[in-house]
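Descriptive analysis of the structure
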Amino acid sequence: MSDRPGTPVLELPVAQSPGDHMILNMGPQHPSTHGVLRLVLEIDGEIIQSVRPEIGYLHTGIEKTCEAKFYQQVVPLTDRIDYLSPMANNLCYCLAVERLLGLEIPPRAQWMRVLLVELTRLNSHLVWLGTHAMDIGALTVFLYTFREREEILRLFEDISGQRMMGSYIRIGGLPMEPPLDFFDRTRTFIHSFPEKIDEYSNLLTGNPIFINRLKGVGYLSAKDAIALGVTGPPLRASSVDFDLRRDMPYSSYEKFQFNVPTSTVGDTWARYEVRLAEMRESVKIVQQALDGMPAGALRAHAPKIILPDREKMKTEMEALIHHFKIVTEGFPVPAGEVYQGIESPRGQMGYYVVSDGTAKPYRVHMRNPTFASLQAIETMSKGRLIADLVAVIGSIDIVLGEIDR
Amino acid sequence: MFRMTITPTLLGKAEVLEGMQDHPAIRAILAWKPEALQDAKFDRGELTLTIAPEEIRAACFTVQTTGYNFFEDLTAVDWHPATPRFQLSYHLLSHPYKERIRLRVMLDDADPSVDSITPVWPAANFYEREVFDLFGIRFHEHPDLRRILMPDDWEGYPLRKDYPVEGYR
């Protein structure tokens, strides 16, 4: 790397003017770009003529790293893609590998996964709501949403030992039973959560500044949304009624009753309303998961793939051998390719895992929802003010970690 | 040892054409240009259709009009040192059928390039840039084919198999 010709020079906003337009650099260190997003704007006065997203500042080469790890070692890497929905990334990767292996997951593990992923969705939407409102100038909501988020992180800490990067969803199920009071605490939290949503709604839905900043801003038609690859809440806010949880269910989502909130308006306000309604639906799903949680094992019976219990390792020789084999050599996965899609908090996430029959994945590719949604920024903000761009960025809920990978 | 979920696997063009002749995407491609379909596979519930490289844009257009309206993902796999070396995987989703198909294109090592599908789905823009950036596969008539994740002056294509995971190149 030392023989590279000089260090890369950041293209700074030089006052070059194609016609009367000015090129303005926004980011990569800008408080309302939610990370290191750099936008090169072409502006006419305050009016945006074009937006060119420049990404890659957070590129860590996770896809390349995956190729050098055993299948089970990739799970912690998937956590680090998106700090707001690590469980969704865990789940998507594990489902893909389980399909390659042909592993069947016990019902209790599937329901636990649904519960955890929906808590993750709440967590992610809470951060979105807080930061989105903060971008617009409503600072108070941030403190309220982080109060509830803290409780979700505490639940995650209880089950996995980590607040954010838990790696709690593993290939073949879940590593261990949650602590005894986990279900009760989740129930208490979920029981009081709808009131909290009302509280946020009271602070924002009638707030004239918030309304003026969001209504009619960042319009995206259904046709443009599909053409530009937008998924998740922004797609449903543009009147496309499609949700993978309902339409192509995975991890026993078909056993849950919930509505898919949509809106026909297609502006930033509609995306706010859809996400708020989604939080209420997530509460319902968590409630159903708690009520109907099946008994049984949390791990599939596959001793050559899943690490044995600590206890068994001390009493059974076979368990000790399997443990040694899995840790030192991994486990071979039958050759093939699988694309697994799930509905992450931000939209359709997909993991494409290619196996060549060895213990390390030949290729892992992540389809991350906001990578595609970022392409719609120009359509949504063209002809609008720069201040509207901030609302638009907030409304597609970007996380740069998952865009750059 | 553990229970295998049983999904019928159909390998090879003849087997798939016989077993899944009513599939909308297969029907559309056969009606449009049967010789563009080089190979087919139905494995683990996923249909893979291998398309001749020069026909990929038209094939995308054909399946788009049959209901595979959503471009979900595009990526490449480097099968180095096998030939053909590069595999492009296009994952297309259908909102009406609630189903996904994979179009596959195999490319040779020498000058790997293929037509851009951005005229069919503008969403492919970033994905084609990513494949160009990390694999060095070029897309003809792409509106803005620049590196996207790596720095502009980077040398080499990191996701190729002859590029080391760590250490000096």
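Above this text you will find the structure in question.
Residues numbered from 1 in each chain as written. Chains lettered and ligands numbered in written order. Predicted model: local features only at pLDDT ≥ 70, side-chain atom pairs only at ≥ 80, totals over all residues. Heavy atoms only, no water.

Here we look at the sheet that holds strand β4 (residues 336–344) of chain A
All names here are of chain A. We count it as follows: Note on pairing: two strands pair once DSSP finds at least 2 bridges between them. A run of H or I in DSSP counts as a helix once it spans at least four residues, and a run of E counts as a strand once it spans at least two, with each numbered from the N terminus. Comment: axis = line fitted to C-alpha atoms, over the contacting stretch for helices; angle = value between 0 and 180 degrees taken between N-to-C directions.
Across the sheet, which stays open at both edges, the 3 strands sit in the order β4-β5-β6 with antiparallel pairing between neighbours. Pairing within the sheet leaves two strands with one partner each, and these edge strands are β4 and β6 (363–367). Strand-to-strand twist across the sheet, computed as the mean angle between neighbouring axes with direction ignored, equals 15°. Bridge analysis of β4 against strand β5 (residues 347–355) gives 9 bridges, and the strand direction is antiparallel.

As for helix α13 (residues 317–329) of chain A
Residue and element names in this part refer to chain A. We count it as follows: By this rule, a helix spans an expected 1.5 Å times one less than how many residues it contains. Note on classification: 1.4 Å probe, protein chains only; a residue is buried when its accessible area is under 20% of the maximum for its type, exposed when over 50%, partly exposed between these limits. This arc describes the spread of directions from the helix axis toward the C-beta atoms. Working rule for contacts: check all heavy atoms of both residues, and any pair within 4.5 Å makes them a contact.
Given a rise of 1.5 Å per residue, 13 residues ought to cover 18 Å, and the 18 Å separating the end C-alpha atoms of α13 matches this to within 8%. Restricting attention to buried positions, one finds in α13 the residues Ala 319, His 322, His 323 and Ile 326. Relative to the axis of α13, the buried residues are bounded by an arc of 100° and lie together on one face. The outward face of α13, more than 90 degrees from its buried face, is lined by the exposed residues Met 317 and Phe 324. Its buried side turned inward, α13 meets α12 (310–315). Following α13 by one or two positions, Gly 330 has its phi on the positive side, about 70°.

Focus: the nonpolar core
Note the following rule: Residues grouped as a nonpolar core are buried Ala, Val, Leu, Ile, Met, Phe, Trp, Tyr and Cys residues, joined through side-chain atoms within 4.5 Å.
Of all hydrophobic cores here, the largest spans 170 residues; its most connected members are Leu 88 and Tyr 90 of chain B. If you tally residues by element for this core, the top one is helix α4 (residues 107–136) of chain A, at 14 residues. Beyond its immediate chain neighbours, meaning those up to four positions away, Tyr 90 of chain B contacts Ile 56, Phe 71, Asp 73, Leu 74, Ile 101, Arg 102, Leu 103, Val 105, Val 114, Ile 117 and Phe 139 of chain B.

Concerning helix α6 (residues 182–204) of chain A
Residues and elements named next belong to chain A. Here is the rule we go by: The angle between axes fitted to the seven-residue stretch ending at a residue and the seven-residue stretch beginning at it gives the bend at that residue.
In this model α6 runs 32 Å from its N-terminal to its C-terminal C-alpha over 23 residues, within 8% of the 33 Å that 1.5 Å per residue would give. Residue Phe 193 marks the point of greatest curvature in α6, where the axis turns by about 40°; the proline Pro 194 follows within four residues. Turning to α6, the residues buried within the fold contact α4, α5 (140–160), α7 (208–214) and α11 (268–291).

Section: the packing of helix α3 (residues 86–101) of chain A against α4 of chain A
All names here are of chain A. Selection criterion: Amino acid classes used here: Ala, Val, Leu, Ile, Met, Phe, Trp, Tyr, Cys and Pro are nonpolar; Asp, Glu, Lys and Arg are charged; the rest, including Gly, are polar.
One way to put it is that α3 packs onto α4 with a least axis distance of 8 Å and a crossing angle of 145°. Contacts between α3 and α4 involve Pro 86, Met 87, Ala 88, Leu 91, Cys 94, Leu 95 and Glu 98 from the first element and Arg 113, Leu 116, Val 117 and Thr 120 from the second. When grouped by side-chain class, the residues that make up the contact of α3 with α4 number 8 nonpolar, 1 polar and 2 charged.

Some words on the pattern of salt bridges
Any two side chains of opposite charge can pair, given that their charged atoms come close. Basically, it comes down to this: Salt bridges are defined by distance alone: a side-chain nitrogen of Lys or Arg within 4 Å of a carboxyl oxygen of Asp or Glu.
One pass over the structure, following the stated rule, counts 49 salt bridges over all chains. Here Arg 138 of chain B and Asp 111 of chain B are joined by a salt bridge, their closest N and O atoms 2.5 Å apart. Separated by 27 residues along the polypeptide, Arg 138 of chain B in strand β8 (residues 138–140) and Asp 111 of chain B in the loop between β6 (99–107) and β7 (113–115) bring together distant segments of the chain. Three or more residues joined by partner-sharing salt bridges are found here, namely Glu 118, Arg 121, Arg 236, Asp 243, Arg 245, Glu 278 and Glu 343 of chain A.

Regarding the sheet that holds strand β1 (residues 22–26) of chain A
Residue and element names in this part refer to chain A. Pairing in this open sheet of 3 strands is antiparallel, and the strands run β1-β2-β3 from one edge to the other. Looking at which strands have only one partner, the edges of the open sheet turn out to be β1 and β3 (47–54). The average undirected angle you get between the axes of adjacent strands in this sheet is 25°. Sheet topology places strand β2 (residues 38–44) next to β3; 7 bridges connect them, and they run antiparallel. Directly across from Leu 41, in β3, lies its bridge partner Val 51. Against the sheet, helix α16 (residues 386–396) touches β1, β2 and β3, its axis set at about 145° to β2.

Remarks on the packing of aromatic side chains
Stated formally: Stacked, tilted and edge-to-face pairs are distinguished by plane angle, under 30 degrees for stacked and over 60 for edge-to-face with tilted covering the rest, among Phe, Tyr and Trp rings (Trp via its six-membered ring) whose centres lie within 6.5 Å. Geometrically, a charge over a ring is one whose NZ (Lys) or CZ (Arg) sits within 6 Å of the ring centre while staying within 35 degrees of the ring normal.
Tallied over the entire structure, the rule returns 19 aromatic pairs over all chains. Considering the side-chain rings of Phe 210 of chain A and Trp 269 of chain A, the 6.0 Å spacing of their centres and the 65° angle between planes classify their relative orientation as edge-to-face. Of this pair, Phe 210 of chain A sits in helix α7 while Trp 269 of chain A sits in helix α11, and the two are 59 residues apart along the sequence. Like Trp 269 of chain A, Phe 210 of chain A is buried. Taking the centre distance of 5.1 Å and the plane angle of 70° together, the rings of Tyr 250 of chain A and Tyr 253 of chain A count as edge-to-face. There is no split in this pair, since Tyr 250 of chain A and Tyr 253 of chain A are both buried. Counting every residue linked through ring pairs, the aromatic cluster contains Trp 111, Tyr 250, Tyr 253, Phe 256 and Phe 258 of chain A. When the ring centre of Phe 371 of chain A is taken as reference, the NZ or CZ atom of Arg 405 of chain A above it lies at 5.1 Å. Its guanidinium or amino end placed over the ring of Tyr 362 of chain A, Lys 161 of chain B lies 3.9 Å from that ring's centre, counting from NZ or CZ.

Examining the environment of Ser 355 of chain A
Residue and element names in this part refer to chain A. Note the following rule: Pairs of N or O atoms within 3.5 Å make up the polar contacts considered here, provided that, within protein, one atom can donate a hydrogen while the other can accept it, and that residues adjacent in sequence are counted only when both atoms are side-chain atoms.
Tracing the backbone shows Ser 355 in strand β5. The class of Ser 355 is buried, set by a relative accessible area of 3%. Separated by 105 residues in the primary sequence, Ser 355 and Tyr 250 have C-alpha atoms spaced 21 Å apart. For Ser 355, the residues in contact, after removing those within four places along its chain, are Tyr 71, Leu 100, Val 333, Pro 334, Ala 335, Gly 336 and Tyr 362. Polar contacts involving the side chain of Ser 355 include one to the main-chain carbonyl oxygen of Val 333, which spans 2.9 Å.

Some remarks on the interface of chain A and chain B
Rules: As used here, buried area is the combined drop in accessible area, with a 1.4 Å probe, of two parts when they are placed together.
On the side of chain B, 59 residues touch chain A, which itself brings 61 residues to the contact. Of the roughly 5000 Å² buried at the junction of chain A and chain B (both faces included), carbon and sulfur atoms supply 56%. It is Lys 64, Tyr 339 and Tyr 362 of chain A in chain A that bury the most area against chain B; as a group they hold 14% of the surface buried on that side. Taken together, the links from chain A to chain B amount to 7 salt bridges. Note that Arg 146 of chain B is salt-bridged to Glu 54 of chain A, the shortest N-O span being 3.3 Å. Our count for the chain A to chain B interface comes out at 26 residue pairs in polar contact (both at pLDDT 80 or more). In terms of residue count, β4 of chain A provides more of the side of chain A that touches chain B than any other element does, 5 residues in total. Across the side of chain A that touches chain B, the residue classes break down as 32 nonpolar, 13 polar and 16 charged.

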